[in-house]
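# Overview (structure and organization)
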Amino acid sequence: MINPFASRAPRTPLGLRLSRAIADEEERGRTFAFRARLVAVVAVMLWLVLVIEPQRQLYYLAVTGGFLLLGLIPHLMRRHRYAVAIRFAFVILDVVLVTAVVILPPPGQLDFGFPIQMRVRGPEFLYLNLLLVGAALSYSPLQVIWTGFWSILVWSAGVMLVAMRPDTLPFTPGGDSSPQALLQIILNPYHVGIFQLLNQVVLTAIATALLAAAVWRSRALLLRQTRAEIARADLARYVSPDVADAIITSERPFGAPTNRRVAVLFADIVGFTGLSEHMAPDRVVRLLKSFHERGSSVVFAHGGSLDKYLGDGFLATFGGMGEMPDAAARAIRCAIDLQAEIGRWNAKRAQRGAAQVRLSVGVHYGAVVVGNIGSAQRLEFTVVGDAVNIASRLETLTRQLDCRVAVSDETLTEAALHDTNLPRFESAGDRRLDGREQPISVHIWPPRS
């Protein structure tokens, strides 16, 4: 069958991914529709047991079971190469079965002898509308239109065949139109009202159009959401997920410079040059990939943003994308958990005889400018300011202090305001950082005493 959205999902990598995503959602919709059909069939069976005479229950329960079978077959064949054609063919069979059961009397002695004309005048026609509602769960406007079309066609054909029977009492225009005469005709059990059929056809056509339009809108919304999610997933491979979300959802131009107080975390593998000296390039890449994956997962778990990878290290920020009162505490917790993650990684590396990895981390909390920097052709969303330089120098200072984590006194003081159960740090006194005139009070982890 023709995909109504083929023009909107061209045969490009993105178009193919959109098509697959829509197809997956359609299949989930059809699976849900089958389950809803199963529930509806069970409900109808229970209803029949309650209201149908015992001698007629077996017949109608068998018909209901046949209706369930007509839904089961296309469900089991939903991955067949002709699954669409099979599904649409079984829609016709559904309509024919429901129409036949409503209009034709039960066989043999199960028929109470009421005129067949009375069978087209009851509310049983509404069972066809249930098929229409079920089609709306498929995310396919075409299936809704197909179901509505065949419901109108088959039901109209059935009613007209009954209306053309010789024992049917029609309404003859030009005859006695007094209320008493009209009432006598309408109440006659052999009468078939064409106006009733017209009402059924018109209302079914309107319902079909409205449901098809609603499904079309739902499908268009699904397409937009899928497109946005694919774009976000692709973008999140190059920038931090929270930055990707902000870029996609921002109603204004993204990245306008903003002054914020954030926690900046630098992490770096100590001695990476010597570690990689005797490794093949592909092993170096695998090492970095594993380190980056482990490190970024810890950063994201603490609500941080991964600003950039720096070869064998990375820069992360906390509070750069929005207000985060406990940014300093989150950054310190993240630094400790990074060391724990590296410890678990080293345990696995030791089992296969690989060299151990040592990570140094520096954290500082202070004022920065957050926003886009670069040229019109190439922008980078990052943080700029003295706080970034201090965090970088603190990470370098860990080698001199023989520690794994170094944080500034400002960071530890700010963090303690929001987290009273921080790990214990040891004061390393005032230290002069490279490139800075003013010394800074530093605390280290793990404590030596």
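Relevant structure appears above.
These lines cover the structure that appears in this document, whether it is placed above or below. (Residues numbered from 1 in each chain as written. Predicted model: local features only at pLDDT ≥ 70, side-chain atom pairs only at ≥ 80, totals over all residues. Heavy atoms only, no water.)

## Considerations on helix H13 (residues 409-416)
For clarity, the threshold we go by: Using a 1.4 Å probe on the protein chains alone, a residue whose accessible area is under 20% of its type maximum counts as buried, one over 50% counts as exposed, and one in between counts as partly exposed. A helix here means a DSSP run of H or I that spans at least four residues, while a strand means a run of E at least two residues long, and both kinds are numbered starting from the N terminus. Think of the arc as the fan of directions from the helix axis to the C-beta atoms. We call two residues contacting when some pair of their heavy atoms lies within 4.5 Å.
Taken together, the buried positions of H13 are occupied by Thr-411, Leu-412, Glu-414 and Ala-415. Buried residues in H13, looked at end-on, bunch into an arc of 165°, giving them a common side. Next to the buried residues of H13 lie helix H11 (327-351), strand S4 (359-374), strand S6 (405-408) and strand S8 (440-445).

## Regarding the pattern of salt bridges
To be explicit about the condition: One speaks of a salt bridge when a side-chain nitrogen belonging to Lys or Arg is within 4 Å of a carboxyl oxygen belonging to Asp or Glu.
Under the criterion given, the structure shown has 16 salt bridges. Glu-293 serves as the salt-bridge partner of Lys-289, at 2.5 Å between the closest nitrogen and oxygen. Separated by four residues within a single helix, Lys-289 and Glu-293 lie in helix H10 (residues 281-301), roughly one turn from each other. Classification of Glu-293 as partly exposed rests on a relative accessible area of 44%. Salt bridges sharing partners connect three or more residues here, namely Glu-27, Arg-78 and Arg-79.

## Some remarks on the nonpolar core
As a reminder, the rule being used: In this text, buried Ala, Val, Leu, Ile, Met, Phe, Trp, Tyr and Cys residues form a nonpolar core when linked through side-chain atoms within 4.5 Å.
Formed by 41 residues in total, the largest nonpolar core has its most connected members in Leu-265, Phe-314, Phe-318, Val-361, Val-405 and Phe-425. Taken together, the elements giving at least two residues each to this core come down to strand S1 (258-269), helix H9 (272-277), H10, strand S3 (313-318), H11, S4, S6 and H13. No other element matches the eleven residues that H11 contributes to this core. Beyond its immediate stretch of four places on either side in the chain, Phe-314 contacts Leu-265, Phe-266, Ala-267, Phe-291, Gly-295, Val-299, Leu-306, Lys-308, Tyr-309 and Leu-338. Grouped together as the second largest cluster of nonpolar side chains are 17 residues, Val-95, Val-98, Ile-103 and Ile-116 included.

## Quick look at the packing of helix H2 (residues 54-76) against helix H3 (residues 83-103)
Packed helices, taken two at a time, are described by the angle between their axes plus the distance between the axes. To keep it simple, the criterion reads: For every element, the axis is a line fit to its C-alpha atoms; helices are fit only across the contacting stretch, and the angle between N-to-C directions ranges from 0 to 180 degrees. By the definition adopted for this analysis, an angle is roughly parallel if under 35 degrees, roughly antiparallel if over 145, roughly perpendicular if from 65 to 115, and oblique otherwise. Under the convention adopted here, Pro, Cys and the residues Ala, Val, Leu, Ile, Met, Phe, Trp and Tyr are nonpolar, Asp, Glu, Lys and Arg are charged, and Gly plus all remaining residues are polar.
Here H2 crosses H3 at 170°, and the two axes come no closer than 9 Å. When the axis of H2 is compared with that of H3, the two are roughly antiparallel. In contact with Tyr-60, Val-63, Gly-66, Phe-67, Leu-70, Ile-73 and Pro-74 of H2, H3 contributes Ile-86, Arg-87, Phe-90, Leu-93, Asp-94, Leu-97, Val-98 and Val-101. Here the contact of H2 with H3 is composed, by residue class, of twelve nonpolar, one polar and two charged.

## Considerations on the environment of Ile-194
Checked against the element boundaries, Ile-194 lands in helix H7 (residues 194-235). For Ile-194, the residues in contact, after removing those within four places along its chain, are Met-160 and Ala-163.

## Concerning the environment of Pro-446
Here Pro-446 shows up in the segment after S8. In the structure, Pro-446 is positioned 110 residues away from Ile-336 in sequence and 9.2 Å away in space, judged by C-alpha atoms.

## Notes on the packing of aromatic side chains
We count it as follows: When the centres of two rings from Phe, Tyr and Trp lie within 6.5 Å, Trp using its six-membered ring, the rings pair. Their planes under 30 degrees apart give stacked, over 60 give edge-to-face, and anything left gives tilted. Counted as over-ring charges are cases with an Arg CZ or a Lys NZ within 6 Å of the ring centre that also lie within 35 degrees of the ring normal.
Counted by the stated rule, this structure contains six aromatic pairs. With a centroid separation of 5.1 Å and 50° between ring planes, the pair formed by Phe-125 and Trp-155 is classed as tilted. A residue pair is termed long-range when its members are at least 10 positions apart, and Phe-125 in the loop between H3 and helix H4 (126-135) and Trp-155 in helix H5 (residues 141-163) qualify at 30 residues. There is no split in this pair, since Phe-125 and Trp-155 are both buried. On the numbers, 5.6 Å between centres and 85° between planes, the contact of Phe-149 with Trp-150 is edge-to-face. Owing to a relative accessible area of 47%, Phe-149 belongs among the partly exposed residues under this scheme. Each member of the aromatic cluster is reached from another via a ring pair, and the members are Phe-88, Trp-146, Phe-149 and Trp-150. The residue whose ring lies beneath Arg-37 is Phe-67, and the NZ or CZ to ring-centre distance is 3.8 Å.

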